[in-house]
Amino acid sequence: MVKSTTTTTTTKDAQALLHSLCSAYTATPKNLKIIDLYVIFAIFTALIQVVYMAFVGSFPFNSFLSGVLSCVGTAVLAVCLRIQVNKENKEFKDLPPERAFADFVLCNLVLHLVIMNFLG
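Residues numbered from 1 in each chain as written. Predicted model: local features only at pLDDT ≥ 70, side-chain atom pairs only at ≥ 80, totals over all residues. Heavy atoms only, no water.

- Under the annotation held in an unreviewed UniProt entry, the protein chain carries the name Dolichyl-diphosphooligosaccharide--protein glycosyltransferase subunit DAD1 and is attributed to Kingdonia uniflora.
- As its UniProt record puts it under Pathway (unreviewed entry), the protein chain is described as follows: "Protein modification; protein glycosylation."
- The UniProt entry for the protein chain carries the following text under Subcellular location (unreviewed entry): "Endoplasmic reticulum membrane". (UniProt positions renumbered as here; feature names shortened; annotations may be inferred.)

Quick look at the structure:
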């Protein structure tokens, strides 16, 4: 009997947490939401590659590693861009968004040059 009450309380707490997260996220600026979608896309693409490798196999293993590392690296760089562009972040308040985007593009260029070199 006590177990069902605990389960109900946990479910209500989880729903309240989810509702508060959704209501707080609606106040997020549009440019940060776009970056969030890009991060989700990059991680989803990496997961698709891992699932494909699990079903089909990883004969050209360098290609598999290059694809997954490219997706994960791009996601990490996008998270860094999100941190720098966020107006509420006090550490990067003097950094203009154009500079943060230029850093993102340059780091992506270096990342993909390394990935292309790793392909062979």
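The discussion continues.
## Let's talk about the packing of aromatic side chains
Step number 1: Within the structure shown, the criterion is met by three aromatic pairs.
Step number 2: With centroids separated by 6.3 Å and ring planes inclined at 80°, the aromatic side chains of tyrosine 38 and phenylalanine 104 adopt a geometry described as edge-to-face. One end of the pair, tyrosine 38, is in helix H2 (residues 30–56); the other, phenylalanine 104, is in helix H4 (residues 97–119), with 66 residues separating them in the sequence.
Step number 3: We classify tyrosine 38 as partly exposed; its relative accessible area is 36%.
Step number 4: Three or more aromatic residues joined by ring pairs form one cluster here, namely Tyr38, Phe101 and Phe104. (Phe/Tyr/Trp six-rings, centres within 6.5 Å; stacked < 30°, edge-to-face > 60°. Helix = DSSP H or I, 4+ residues; strand = E, 2+ residues; numbered from the N terminus. Buried < 20%, exposed > 50% of the residue type's maximum accessible area, 1.4 Å probe, protein only.)

## Regarding the packing of helix H3 (residues 61–85) against H4
Step number 1: Where H3 meets H4, the axes come as close as 10 Å, and the angle between the chain directions of the two elements is 170°. Taken together, the axis directions place H3 and H4 in an arrangement best described as roughly antiparallel.
Step number 2: Classifying every residue of the contact of H3 with H4 gives 14 nonpolar, nine polar and one charged. (Axes fitted to C-alpha atoms, helices over the stretch in contact; angles between N-to-C directions. Parallel < 35°, antiparallel > 145°, perpendicular 65-115°, else oblique. Nonpolar A, V, L, I, M, F, W, Y, C, P; charged D, E, K, R; others polar.)

## Remarks on the nonpolar core
Step number 1: Membership of the largest hydrophobic core is limited to eleven residues, which are Leu32, Ile35, Val39, Ala42, Ala75, Leu77, Ala78, Leu81, Val85, Ala100 and Phe104.
Step number 2: Elements with a minimum of two residues in this core: H2, H3 and H4. (Core = buried A, V, L, I, M, F, W, Y, C linked by side-chain atoms within 4.5 Å.)

## Describing the pattern of salt bridges
Side-chain pairs of opposite charge can arise whenever the charged atoms involved come near each other.
Step number 1: A complete count under the given rule lists two salt bridges for this structure.
Step number 2: Note that arginine 82 is salt-bridged to aspartate 36, the shortest N-O span being 2.5 Å. With arginine 82 in helix H3 and aspartate 36 in helix H2, this pair connects stretches of sequence that are 46 residues apart.
Step number 3: Of the residues examined, arginine 82 reaches a relative accessible area of 23% and is grouped as partly exposed. (Salt bridge = Lys/Arg side-chain N within 4 Å of Asp/Glu carboxyl O.)

## Topic: the UniProt feature "transmembrane region" (unreviewed entry) in the protein chain
Step number 1: Those residues carrying the UniProt feature "transmembrane region" (unreviewed entry) are residues 37–55, 61–81 and 101–119 in this numbering.
Step number 2: For residues 61–81, helix accounts for 100% and strand for 0%, while the C-alpha atoms at its two ends are 30 Å apart.

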